[in-house]
Amino acid sequence: MSTLPSIAPSPAFADPLLDEHEPWWRTRRADLLALADQGTARYVYHLPTASAAARRLRALAPVERVLYAVKANPHPDLLRLFHAEGLGFECVSPGEVRHVLRVLPDLDPAAILFTPNFAPRSEYAWAYDVGVRVTLDNAYGLVHWPEVFAGRNLIVRVDPGEGYGHHEHVRTAGKASKFGIAPEDLPEVADRVRELGARVIGLHAHVGSGIAETHVWAETAAALARYAPLFPHVTAFDLGGGLPVPDDPGAARFDVEAAAAHLATFQQDHPRFGLWLEPGRYLAAEAGVLLARVTQLKAKGDAVYVGVDAGMHTLIRPALYGARHEIVNLTRLDAPATTTAEVVGPICESGDVLGRARQLPDTREGDVLLIANAGAYGQAMASRYNLREPAAESVLG
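K.L.:
Looking at this structure, how should I read helix α6 (residues 121–130)?
P.N.:
Residues three or four positions apart in an α-helix share a direction because the helix packs 3.6 residues into each turn. Among the residues making up α6, those that are buried are Tyr 124, Ala 127 and Tyr 128. Buried residues of α6, viewed axially, fall in a sector of 95°; they line one side. Residues of α6 that are exposed and point over 90 degrees away from its buried face: Ser 122 and Asp 129. Elements that come into contact with the buried residues of α6 comprise β4 (112–114), β5 (133–136), α8 (146–149) and β6 (153–157).

K.L.:
Got a minute to help me understand the packing of helix α3 (residues 47–58) against helix α4 (residues 76–84) in this structure?
P.N.:
Relative orientation and spacing of two packed helices are given, respectively, by the angle between their axes and the distance between those axes. It is the contact of α3 with α4, at a shortest axis distance of 10 Å, that shows an interaxial angle of 35°. Along this stretch, α3 crosses α4, giving a crossing that reads as right-handed. When α3 is examined against α4, the residues Leu 47, Ala 50, Ser 51 and Ala 54 are found in contact with a partner set consisting of Asp 77, Leu 78, Leu 81 and Phe 82. Split into classes, the residues belonging to the contact of α3 with α4 amount to six nonpolar, one polar and one charged.

K.L.:
Explanation requested: the nonpolar core in the structure shown.
P.N.:
Tyr 68, Phe 82, Phe 89, Leu 203, Trp 217 and Phe 237 are the most contacted members of the largest nonpolar core, which totals 83 residues. The biggest single contributor to this core is helix α10 (residues 216–227), with eight residues. Apart from residues lying up to four places away in sequence, Leu 203 is in contact with Ile 155, Val 156, Val 158, Leu 224, Tyr 227, Ala 228, Phe 231, Val 234, Ala 236, Phe 237 and Asp 238. Ranked by size, the runner-up nonpolar core spans 19 residues in total, among them Ala 41, Val 306, Ile 371 and Ala 391.

K.L.:
Would you take a moment to explain the side chain of His 313 for this structure?
P.N.:
By secondary structure assignment, the location of His 313 is in the loop between β13 (303–308) and α13 (317–321). A distance of 3.4 Å separates the side chain of His 313 from the side chain of Thr 314, its partner in a polar contact.

K.L.:
Got a minute to help me understand the pattern of salt bridges in this structure?
P.N.:
Opposite charge on two side chains permits them to pair, given that their charged atoms come into close proximity. Following the criterion strictly, the structure yields 16 salt bridges and no others. Its salt-bridge partner being Arg 28, residue Asp 31 comes within 2.7 Å of it at the nearest N-O pair. The class for Asp 31 is partly exposed, based on a relative accessible area of 33%. The partner of Arg 121 in a salt bridge is Glu 147, and the shortest N-O contact between them spans 2.5 Å. Of the two residues, Arg 121 sits in helix α6 while Glu 147 sits in helix α8, which places them 26 residues apart along the sequence.

K.L.:
Help me out: how do you make sense of the environment of Glu 389 in this one?
P.N.:
Looking at the secondary structure, you find Glu 389 in the loop between β17 (368–371) and β18 (392–396). Taking the relative accessible area as the measure of exposure, Glu 389 reaches 53% and is therefore exposed. Along the sequence, Glu 389 and Phe 266 sit 123 residues apart, while their C-alpha atoms lie 48 Å from each other. Apart from the residues within four sequence positions on either side, Glu 389 is in contact with His 313 and Arg 384. Engagement of the side chain of Glu 389 in a polar contact is seen with the side chain of Arg 384, the distance being 3.2 Å.

K.L.:
Explain unusual backbone geometry to me, please; I cannot follow it from the model alone.
P.N.:
For residues other than glycine, phi is negative in most cases, and the peptide bonds are mostly trans. In the segment running from Thr 40 into Ala 41, the intervening peptide bond is cis, with an omega of 0°. Tracing the sequence through the fold places Ala 41 in the loop between α2 (29–36) and β1 (42–46). Unusually for a residue other than glycine, Asn 373 sits at a positive phi of about 55°. Of note, Asn 373 is situated in the loop between β17 and β18.

K.L.:
Explain the environment of Val 148 to me, please; I cannot follow it from the model alone.
P.N.:
Residue position: Val 148 is located in helix α8. Distance in space between the C-alpha atoms of Val 148 and Ala 52 is 40 Å, their sequence separation being 96 residues. Look past the residues within four positions of Val 148 in its chain and what remains in contact with it is Arg 121, Tyr 124, Ala 125 and Tyr 128.

K.L.:
Honestly, helix α9 (residues 186–196) in this entry has me stumped. Any pointers?
P.N.:
Looking only at α9, the buried set comprises Leu 186, Val 189, Ala 190, Val 193 and Leu 196. Seen end-on, α9 carries its buried residues on one side only, within an arc spanning 130°. For α9, exposure combined with an orientation more than 90 degrees from the buried face picks out Glu 188, Arg 194 and Glu 195. Those residues of α9 that are buried lie in contact with α7 (140–144), α8, β6, β8 (199–204) and α10.

What counts, and where the lines are drawn
- Residues numbered from 1 in each chain as written.
- Predicted model: local features only at pLDDT ≥ 70, side-chain atom pairs only at ≥ 80, totals over all residues.
- Heavy atoms only, no water.
- Buried < 20%, exposed > 50% of the residue type's maximum accessible area, 1.4 Å probe, protein only.
- Helix = DSSP H or I, 4+ residues; strand = E, 2+ residues; numbered from the N terminus.
- Arc of directions from axis to C-beta.
- Contact = heavy atoms within 4.5 Å.
- Axes fitted to C-alpha atoms, helices over the stretch in contact; angles between N-to-C directions.
- Left-handed = near helix turned anticlockwise from the far one by under 90°.
- Nonpolar A, V, L, I, M, F, W, Y, C, P; charged D, E, K, R; others polar.
- Core = buried A, V, L, I, M, F, W, Y, C linked by side-chain atoms within 4.5 Å.
- Polar contact = N/O pair within 3.5 Å; in protein donor to acceptor, adjacent residues only side chain to side chain.
- Salt bridge = Lys/Arg side-chain N within 4 Å of Asp/Glu carboxyl O.

Here it is, written out as structure tokens:
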């Protein structure tokens, strides 16, 4: 297996204002308000914060390879940054693969892991022609499309049997999940691989997102190790992503060093397997904010509504996952909170709520609200529902 290039972290994104204990958007408030004056709703991405997250993971000794999950945020500047920091890329569609190769035309395609789900035969054949690494998460292709996989290297996605995460929609393992091959089906997969003269060079598992327990990735590796004897050519375990970021100000950060310590213990017992991670939100979320301008205010009974020009078409995570994002009035950032409000958008749906029961200062039409930790699964999941346009995007270095 070829390896990713060893690239030292670039100093180009060093920022003396970057502080692990204070969000970057406080120190860049004036810049953000200036960008809001160019129009809202608007996503803004802070490159030094994304760079810091990448370096944090690249520094983990047990982790051989970090692949950025492009679905989290495919912005070209983020892709260039993560490439400069020595990361590879995990893509779930041909569109994502093509996008990465357009942005990074000199990239070795082997630095891309293609992990489709219930994709047609043509996508697998295309991926092999392009030269990216291919993951198979269903035995169907081996049985019905033998010509695609005969003599090929592939990675097999396994369902270890238990999912984790902050919401049922982000748990990607277990019988209720559509992802991965059940362990009891792996012997049949191994037989079919041998018949086709193919080689399984890696095993993959992703059990969920926003996982707070630091032991999960090592347990996932241990599960893959139990199945590895079926596939003698396996040299790597892809343990997925799911590393969480704090939802509330002052919340404890995820202890990546503790997770790495569990992985180091596993690696001592299984030194022949390289360990990969494929995070998305951990790398991009804290680097992004969503700026929205207050349009109207309404009191109805005991409820106070603050309406803004961003909605569930702009950021669907609260409606889809029950996700919580910190919301502040950037215009009156340090003013005392006087109101408990529902922050809502302009979409004709009852679920168009960006934040419930939020403490805000005296807020007025025209104020700019900031929605934090919005750099992942924000613009990437936006739509034109109600024929409203998605948010603009800006970058701060």
